[in-house]
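# Per-entry structural report
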Amino acid sequence: MDVGVSVNVPDVLVVDDGHLRANWPYLGARLRAGLVDHDLTVLFASLGAGQRIRDLYGIAAVPALVVIDVEPDAEDIAALTKLEVVAGVTGCAELAVAGRLAERGIVFVDGSRGRARSQAEIVIGLMINALRQICGWHNIIAAAGPWPHPSWQFTDHPSYVNGTVCGKQVAVIGMDPVGRAVIGLCVGMGAQVSAVDPGVEETDFQELGARRIQLDEVASVADIVVVAGNWSTPPLTGAMVARLANRALVVTVRGGGIDLVALRARVLADELFWATDVYESVPVAAGDPILGRNNVIHTPGIAACTREANLAVADILTANIDRVLRGGPPLRWDCVPAFTVEDTSGEPAGGPAADELINSIGAAGGHP
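Every value quoted in this text rests on a predicted model; they were computed, and no experiment measured them. (Residues numbered from 1 in each chain as written. Predicted model: local features only at pLDDT ≥ 70, side-chain atom pairs only at ≥ 80, totals over all residues. Heavy atoms only, no water.)

### Some words on the sheet that holds strand β11 (residues 273-276)
Spatial strand order, β8-β7-β6-β9-β10-β11-β12: seven strands in an open sheet with parallel pairing. Looking at the sheet topology across the chains shown, the edges are occupied by β8 (211-212) and β12 (296-298). Along the sheet, helix α11 (residues 260-268) makes contact with β10 (249-252), β11 and β12, crossing β11 at roughly 130°. (Pairing = 2+ DSSP bridges. Helix = DSSP H or I, 4+ residues; strand = E, 2+ residues; numbered from the N terminus. Contact = heavy atoms within 4.5 Å. Axes fitted to C-alpha atoms, helices over the stretch in contact; angles between N-to-C directions.)

As structure tokens, then:
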């Protein structure tokens, strides 16, 4: 849809930043097909530099807006006078316009649950790579062949936590869908798991098999710290990072849950091992001292970049938009907390039912 061209008003308007196919190659087609299957009309619009959602003709009559890598501002929301629901992919849009949406009773749906399984599996991959030095051994073999080993019987890094996930003390910061999935995977591998999230009920910790701890207890219990929390989770401060035990492994798939500057300082001092998919800023400069170290493993922001995540996000958005436009509430676990509404399905928010949805959607891309 070209900005400035009058069109018939769709039930659902999907707005992206012009990079939908590059960043979300499977999402668009899946979302369109799902909405059409629910007898909803859908139109896609890509915004260029300096263009805003409010500049689209016919925008006032649109009842459902999906934003993909675009953040609406207050004027955009004001222009959508018939708006009933806004849906996002990464959970960013609710921060800037939350108050405006709440004032008008507009629901915000967060589709990021569909990315949880992909992000959780990257956590485990980074964790095992760090513990067993897989990337380092790959580089040695690729450069010079497999022989000689420095030791026949022990080839992990003795200066940092190493070996199996089984038996390790793992502390997970944040029990959103990513954190919950990480806890389940770690418990299944035999780790002793503790978790931090003040907004979660005690029964959820028990059901997941994790021990509840406070943020200031992380340093005293953890061999491995996993930062998986979302924007609402209290972060590990610089002072808390300073107290983490020497040799500990820190795994980060979200930058908001920890003081990355403090973490970087301890990593550069050879005190901690860092396995990460996020950075203070991107791209990382070619001469950055964090590169090429034997106590750092990197992936370039790929935690949620899978076909399964694309499909699952599309299905979550489809299902919730359809529920709202037909007069019902969205699924409670896909609502930003400020906009949570009572769900007539009778399912609780979070807990085993939510975890089953995460698992099934992450595996098959099915509708919730």
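### Notes on the sheet that holds strand β4 (residues 85-88)
To summarise the sheet geometry, strands pair through backbone hydrogen bonds and adopt either a parallel or an antiparallel arrangement. Strand order in the open sheet made by the five strands is β2-β1-β3-β4-β5, with parallel pairing throughout. The sheet is open, and its two borders are formed by β2 (42-46) and β5 (107-110), each paired with just one other strand. Neighbouring strand axes in the sheet, compared pairwise and without regard to direction, differ in orientation by 20° on average. Together, β1 (12-16), β2 and β3 (64-68) form the strand contacts of helix α2 (residues 27-37), whose direction differs from that of β2 by roughly 155°. Strand contacts of helix α12 (residues 307-325): β1, β3, β4 and β5, with the helix running at about 175° to β4, the strand carrying the most contacts.

### Observations regarding the packing of aromatic side chains
Inspection of the entire model under this criterion finds two aromatic pairs. Seen from their ring centres, Tyr160 and Phe273 are 5.6 Å apart, and the 80° between their planes marks the pair as edge-to-face. In this pair, Tyr160 is assigned in the loop between α6 (134-144) and β6 (169-173) and Phe273 in strand β11, connecting sequence segments 113 residues apart. Relative accessible area serves as the criterion here: at 4%, Tyr160 is assigned to the buried category. The buried category is assigned to Phe273, whose relative accessible area is 2%. Its end group placed over the ring of Tyr26, Arg307 keeps NZ or CZ at 5.5 Å from the ring centre. (Phe/Tyr/Trp six-rings, centres within 6.5 Å; stacked < 30°, edge-to-face > 60°. Buried < 20%, exposed > 50% of the residue type's maximum accessible area, 1.4 Å probe, protein only. Lys NZ or Arg CZ within 6 Å of the ring centre and 35° of its normal.)

### Some thoughts on the packing of helix α5 (residues 116-132) against helix α7 (residues 177-188)
Each pair of packed helices can be summarised by the angle the axes make with each other and by the distance between the axes. Interhelical geometry of α5 versus α7 gives an angle of 45° and a closest axis separation of 8 Å. With respect to each other, α5 and α7 are oriented oblique. The two elements α5 and α7 cross, and the hand of that crossing is right-handed. Note on element contacts: α7 touches α5 through Pro177, Val178, Ala181, Val182, Leu185 and Cys186, opposite Ala116, Arg117, Gln119, Ala120, Val123, Ile124 and Met127. Across the contact of α5 with α7, the residue classes break down as eleven nonpolar, one polar and one charged. (Parallel < 35°, antiparallel > 145°, perpendicular 65-115°, else oblique. Left-handed = near helix turned anticlockwise from the far one by under 90°. Nonpolar A, V, L, I, M, F, W, Y, C, P; charged D, E, K, R; others polar.)

### A few points about the environment of Gly327
If you trace the backbone, Gly327 turns up in the loop between α12 and α13 (351-364). Under the relative-accessibility criterion, Gly327 is labelled exposed at 70%. Once the C-alpha coordinates of Gly327 and Glu84 are considered, the two residues, 243 residues apart in sequence, prove to be 9.7 Å apart.

### Overview of α11
Buried within α11 we find Leu260, Ala262, Leu263, Arg264, Arg266 and Val267. On its buried side, α11 packs onto α10 (238-243), β10, β11 and β12. Following α11 by one or two positions, Asp270 has its phi on the positive side, about 60°.

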